[in-house]
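Single-letter residue listing:
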Amino acid sequence: MEGLNVVGAGLIVIGAGIGIGRIGGSAMDAIARQPEASGKIQTAMLIAAALIEGIGFAALFAA
């Protein structure tokens, strides 16, 4: 069972990393299109990244 926990933890970390990377990339695209809205975009990006991190930590504790 220990091996399955390690695999599960690895998948959780990979998924959270991909999610945060996509959020960051999308935010940079949005800022490039609308530089005047960069403050609002960054705030929304940080909130979304924090939520993904929280879900990732909760899933790691469950695994």
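Right above here is the structure, for reference.
Here's what I pulled together on the structure shown here. Bear in mind that the values here come from a model prediction, so they are computed numbers and not experimental data.

### Quick look at the overall build of the protein chain
Moving on, step 1. Looking only at helices and strands, one finds two helices and zero strands in the protein chain.
Moving on, step 2. For the protein chain, the C-alpha radius of gyration of 15 Å lies well beyond 11 Å, the compact-globule estimate for 63 residues.
Moving on, step 3. With the principal axes as the frame, the protein chain shows a C-alpha extent of 50 × 15 × 5 Å.
Moving on, step 4. In the protein chain, which comprises 63 residues, the share counted as buried stands at 14%.

### As for the environment of Gly56
Moving on, step 1. Structurally, the position occupied by Gly56 is in helix H2 (residues 38-62).
Moving on, step 2. Taking C-alpha positions, Gly56 is 6.1 Å from Ala16, a pair spaced 40 residues apart along the chain.

Calculation criteria
Residues numbered from 1 in each chain as written. Predicted model: local features only at pLDDT ≥ 70, side-chain atom pairs only at ≥ 80, totals over all residues. Heavy atoms only, no water. Helix = DSSP H or I, 4+ residues; strand = E, 2+ residues; numbered from the N terminus. Rg over C-alpha atoms; globule rule 2.2 N^0.38 Å. Buried < 20%, exposed > 50% of the residue type's maximum accessible area, 1.4 Å probe, protein only.

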